[in-house]
Structure formats: C-alpha cells, structure tokens
Amino acid sequence: MAPVHPLLWRSLRVFQVYGANTDVGKTIFTTILCRAANEIWKKERTTFLKPVSTGPEDEADDRHIERHAPGVDRRTLLQYDLAMSPHAAAKGKSAPSDKELLSMIYQFASRKAGHGPGWLFIETAGGVHSPGPLGTTQADLYTALRCPVVLIADSKLGGISLTISAFESLKLRGYDVETILVFQDSEYDNEQYLKDYFTTHHGIPVVSLPKPPPKVDDRDTDAKSMSQYYREESQRAATRSVLEHLNRKHQARIERLESMPGDAYRQIWYPFTQHKLISAESIVAIDSARGDFFQTLVPRTGGAIDEKDPVLQPSFDGSASWWTQGLGHGNPSLTIAAAYAAGRYGHVMFAGAIHEPALALTETLLDGMKNPRLTRVFYSDNGSTGVEVAVKMALRAARLRYGWGARTDIGIIGLKGGYHGDTIGAMDCSEPSTYNENIEWYNGRGVWFDYPSVKCIRGQWVIGIPEALKADLGDDQVFKGLSDVFDIDSRELRKEHAIYENYIERRLSHHISSGRKFGALLMEPVVIGAGGMELVDPLFQRALVNVVRRSANLFGSYSDSVSSDPACWTGLPVIFDEVFTGLYRLGRFTASSFLKSEADISVHAKLLTGGLVPLSTTLASESIFKAFESDDKADALLHGHSYTAHAIGCQVALESVRQMQSMEKRGEWNWAKEDDWSGSLKSPSNAVKPEVWSIWPWELLNWISNQTQLVAGAWALGSILAIHMNAADGLGYKSTAALKLQRALLDGDKAEMWNIHSRVLGNVLYIMGSQTTTTDDISGIASRIQRALALH
C-alpha cells in the first residue's frame, strides 16, 4: 500500500475543520464556509467531506450540508449508527486501519482536484483529541495529511481554556491553524478575549459570527429559520474575508514551497556538498515529515504546470535523516517531552548543578548498557564532540599511567575507514581520506588496521579478506548464516581468532618498536559508518580489543597494582564509538554486545534523542574518571559547552530510550525475527546462536546479492540495508557507482507518486529504516529497490 499522501494541489484549496470541543458549531461554520465559497467562486466546485460520522444517518452532517448548502458536493466515508465517539461506535464493526482511512481521504480529494479548481472542507468529529475508529486521536491521526486548519472555538463557559488547549495540541503536532471562528455570546464574551490572545501571541485572525436561531419544534419553521440564517451569514463581509484570507494562505504556501530551492541555492552553505555540482533543481524542499516519510515538493519536469497535479509527495527518509531518526518524524511523545522540559526549565546551567532529566537519563543509560566498567556520564552536544571528550579521557589516563609527558606525541589505534566526526580532534583520529585530505590543520595521529569485512554474495555470507592481508590472514571464509558469523563463542572454540590476534600483535610490536606511542583503541563496533558502511568481522574487532588489553607490556611500564580491579582498564583504554551503531540501530541496546566486549569509554548520540534534538553522551569507567582527580583545577576535564546536558535534550532522550526499551520488551520487532522473514540471517539449525535480525527481509537481500553484474555484495542488520555496487572507478568515497541507483529511487513511482530519498557513500547506497518502520512500508520500498536495480 502506498504511503500516506499530503493534501496539497494548486487547483484545490483544502482545509480541515477542527473543534475545540464537541458541540461548538463545526458543522454550522463549515456549512457557512461551503455555501459562501460556492457563491463567490461560482465556476468552481466546493466539497464537504466527513471522514468519520456517528449517529443516525438521516442526522449526519452531510445531510445538513445537502439541506442548507445547495450545490455543494458532500460525502461521508465512514458512518456508524451509534451516536458516540468513533472508537466506541466502531467496536465490533468493520473499520479500516488508520493508513487505509487516510488513503481513502487522499483518493477522494485527489479525484476532486482532478475535476478542476475548487474548495474542500474536511470536518473532523468531536474535539481535537476525539479518537478515530481505531482509537488514535484525530490530532495524531490526520497530521500526515498536512491540512491547514480552521479551528472552531468554544463560546461557552470554559471555552477560552478549551480553545487555547486545542490550539496548542494542534501546534505541537505541526498543524498550521490559519483562522479561528467563534460564535458571538454577550454573556461570556469569549470572542473578545480570544481575538486579543491569538492576535497578540500568534498573529492568527479570530472572526466571530452570530449564533444560529434557537431550534424550534416545528421542523418546517426551523428549516426556514436556518435557511435564512445561512443565507445571511454566507453573504456577510466577515465570512467572505475569512475565505479570502484562506485563499491567500493557500497561494502563499505554494509560492513559498516553490521558491525555497532557488532561495536556498543562493543563500545556504550545505554540509558535505560540492556546490559547483548542484543546482537549485536538485535541492529537495521538505514541507513536513511524519513517521518514516518526508513530504517533499514534486520537482518540475519542464513544460506547463498542470494545476491538477499534487504539489507534494511522500519521500521515504532513507538515511533516517543522517542516522538520527528512530521513532518517527513528528513523534508526539518526543514533542511533548521537549515542550515539557522547555516549559519547566528552558535551559539551565549544568556545571556544579543537576536537574532531573540529566540524572534520570544518566541512570537509564548506565543501566541499559549492562557494562560494569561504566560508572560516569559526560554530556556534550553531538557525536564528534562526544568522541573528542572520549579521546581526551583516554589519552590522559594512558599518559598518567605510563608516565609520559604532557607534550608526548600519543596516537590512537583504529580501523581503516573509521571516521569519528568533523571537529579537528576527532578528525585526527582517522586515517587520511577524502574527508580530511584538504583540511589545513589535519594531522592524523595513529595507526589504522585493515580488517576482514562481511557481505552477502550470491546468497552466502562471506568474510572477505583484503588482498594485502591474505598472506597473514588466509583466504575468504563462507558461512551459511549471519548468526554464524556473530557466533563468537563457536568461532573461538575453533581457534579462528588466533590468526587475527597473532597478526595484530605483530603489527603493534612493529609500530611500537619504531618509537610510536598509543593512548587508546578507538573503533565503531560492528559497522564502519561514514567510512563506507562496512560490516566488520566481529571476531576481528574482539581480537583487537583482547590483544590491546593484555599487551600493557608493549605500551609502557607501570605498577601491576593498578590492574587488580577487574573494571579497571588494562593495556589501553578501549573506546567504542556507538554514535551510529548504538541504541538499537543494529537491533540491540549496545552494539558492543555483538563483540562480547565491554568498553572503558562509550560514546552515544544519533538515536539517543530519537531524531529530534542534538545531544551526545560519553560514558566512562571509574578508573578513567579518577585519572582527572587532583588538587589542581587545571588537571580537571576542562571541556564543555554552553548547552551541556540541556534539559530539553535530556528529557527527549529519556523518553526516546525508554520507548525503545519498551518496544523491545513488548516484542514489537518479533516480526523481523521470524524465520520466513530473516532467512539466512539466522542459523535455523542451532537455537543457541546469537540473535541477529533485520527489518529488511532475507528474500530482498538474497535477490540483491545475486545481481552480481551490478552488486559486489550487500548486508542487512537491524534497520540498515547496505548495497555495495561494483565500482570500476575504484574511487571509494569519490566513486559515482551508486549515483544511478540513487537517482532511480529519487525519481520514484510516477503513478503512485512517492519516492525514496537516500544518501550514498561512494559506491555504497544504504537505506535505513526506523525502529517503527512497518512491514507494509518495507515491502513497498523493497519492490522499488528491485525495480531500480532491474532497470539499472
């Protein structure tokens, strides 16, 4: 099923009518607007839509429209005969899924847009948070449609509070409330307060109209009275000014969207972008985002504009917005968490202080890691600075233990392609590459091991040994399932690690005998992210950790007494950069669990806040922490920034982490762990093998891995799918081998009007879902990938 589409056309002005409460006059105001629009724009069609209605059919709102707004098209999609909340009225009856209901609304609106210019007013049921048929509140249910809102205020006693609360609920979910309508009531005079409030605080016009005449028992008299009321109110200047205002807002929204790429091209300096190679036409204008999808401007393809074509289309966020998005764009729980902390704290000083969100997050992370070495949490603003903090911690601890001077040239041990951020210190922890070769202050400080990598090739899992290492490590190895690759215990019983450890020891001895000094082992566990989306043989990484920890004699001399504590670092401090791979990106709370190794320092960001706000944490052991204790303040960890541990980020992160932990406990990813989905990711012959799963089905991965004329190999783990294209240019990050596939996915499906927005790393195209991606969306994306590769 196609993803949910937003409702925006040039030809059709679509507005959603919400009420601050039930019985505030939604249908009456909507009738007035429909009737007035039909009278003013006589050559256009005006339509009323009620997605969900409850109560007797002859009393339904569309019947009211029929009686009092002649000439207006009307439609109710779902009618339940019991006069109660839709979720209660639908019990025991057939009800579409939320996605199906939204699709029904879109299809109806799309047909109306195809008939030419007009208006569509969509009236909700009850209040802003009245539930839909399946229990999702309307404020959450309809957000993906991105309809601007006409909010009907409550003119009764208590209505001011209800109206402001309804507005804030809509605002928190990204709705644009364009105008507020309210009945005149001299007793309570809510209209005047609401006019002053919304004009002053939000710049939103509030328009009041007289109440309808009191209902009388005689039906004919009542009908005549209401007809006269509607005739007068639809012709009132205030009513017409509302429609003119809505018409201007509609046009301005489209004009702004269409001008954004050009304006951005002239004024924005983009990250990781060679501006000489882009144009205004290549810039994607994002109107909004919900779930796993952006709502993006449909690019012009030349020629005249068809007013009936959609202005926006859904675009799957294939990079998870640079690896950050985990719980869906516009997640209301995260939004409310941010608003709560902003209202309670704003931003408060952190050095020498504490607030509940920071302490609660600290406790949650330390408990979730299940690593007895880690006892302290240091807060910073992003992954790169989190790594810089980690390196400062490790180098200080190593220098003091081994008695080196403060100006000693100390390097790190890492992996080829490992990349840890764009700040200078983090950049120096990476080998020379495209990312840093033209950076004036770059000075790579370390040695970087090449490593065996894992890919699925022709349906088999292959640990590929780089050509330069085959003399030391032997030939490629083939495994039946990815869980066999991650079965560390069995592989160590077969002594597979020995050849790795011997090689690592020889290389380290060589470098140290040449006078090199090292202060830390720094690596991304399991997956090298920015360095090419490489799945590293976990046994090699574990071997590297083990060799470093038992080789203190290589790195320097010190008293043996410092290593009596099993939680104390040995050899060198081990830093795991889990900025990308941690917090369920690979299906587990911590990627280190795949290695059966525990870090002395661990860095986390990206999924930490579910993709909402920047925040990073660097977790450290007590032995690392104590290296900074001294009577001299200059010996402290003198690192921080103004927004350290900002309460908004900590509260959002706490909500994000707890949500993902709850999802794991409830088994919400069990569908991806089933044999018929995971295929050879698992090893069906042995139930004790480590749990390895992916949201990407084995059927898709197997098919991709057999497209050997195009694909060098592929892998899937957790929410990541990586496709390594054959690259004749051999340029690594500069390779263009994956651009054609990326372009095909972005071109999308012209019939269903949706596409896939993705990023490439040289010859690698990767697609990343979230922790809430559905099987339905995965199936649609899988078919697009197969089609794009088949036409490559």
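Residues numbered from 1 in each chain as written. Predicted model: local features only at pLDDT ≥ 70, side-chain atom pairs only at ≥ 80, totals over all residues. Heavy atoms only, no water.

*Asks:* An account of the overall build of the protein chain is needed here, citing residue identities and associated values.
*Replies:* Secondary structure assignment for the protein chain yields 27 helices and 27 strands. Here the C-alpha atoms of the protein chain give a radius of gyration of 30 Å, agreeing with the 28 Å that 2.2 N^0.38 yields for 792 residues. Among the 792 residues that make up the protein chain, the fraction classed as buried is 57%. By sequence separation, contacts in the protein chain at least 24 residues apart represent 74% of the contacts at least 6 residues apart. For the protein chain, the computed accessible surface area is about 33300 Å², with 50% contributed by carbon and sulfur atoms. (Helix = DSSP H or I, 4+ residues; strand = E, 2+ residues; numbered from the N terminus. Rg over C-alpha atoms; globule rule 2.2 N^0.38 Å. Buried < 20%, exposed > 50% of the residue type's maximum accessible area, 1.4 Å probe, protein only. Contact = heavy atoms within 4.5 Å. Areas by Shrake-Rupley, 256 points an atom, 1.4 Å probe, with all protein chains shown as cover.)

*Asks:* I'd like a description of helix H18 (residues 496-513), backed by residues and values.
*Replies:* Side chains that are three or four residues apart share a direction in an α-helix, a result of its 3.6 residues per turn. Between its terminal C-alpha atoms H18 stretches 27 Å, which fits the 26 Å expected from 18 residues at 1.5 Å a residue. Listed as buried for H18 are Glu496, His497, Tyr500, Glu501, Tyr503, Ile504, Leu508, His511 and Ile512. Projected down its long axis, H18 shows its buried positions confined to an angular sector of 165°, all on one face. Positioned one or two residues after H18, Gly515 has a phi angle of 95°, which is positive. (Expected span 1.5 Å × (residues − 1). Arc of directions from axis to C-beta.)

*Asks:* Please provide a residue-by-residue account of the side chain of Thr609, values included.
*Replies:* The topology assignment puts Thr609 in the loop between strand E21 (601-604) and strand E22 (616-621). By relative accessible area, Thr609 is classed as buried at 2%. Side-chain polar atoms of Thr609 contact the backbone oxygen of Val613, separated by 2.6 Å. If sequence neighbours within four positions are ignored, Thr609 has contacts with Leu334, Leu615, Gly649, Val652, Ala653 and Ser656. (Polar contact = N/O pair within 3.5 Å; in protein donor to acceptor, adjacent residues only side chain to side chain.)

*Asks:* Got a sec to walk through the pairing of strand E12 (residues 411-415)? Specific residues and values, please.
*Replies:* Within E12, five of the five residues are buried, which leaves the element mostly enclosed by the surrounding structure. Side chains Gly411, Ile413 and Leu415 of E12 all project onto a buried face; the interleaved residues Ile412 and Gly414 project onto the opposite face, where all are buried too. Where E12 meets strand E17 (residues 518-523), three bridges bridge the pair, whose relative direction is parallel. Looking at E17, one finds that Ile412 is bridged to Ala520. Alignment of E12 against strand E13 (residues 446-449), held across four bridges, turns out to be parallel. By the bridge assignment for E13, Ile413 is matched with Val447. (Pairing = 2+ DSSP bridges.)

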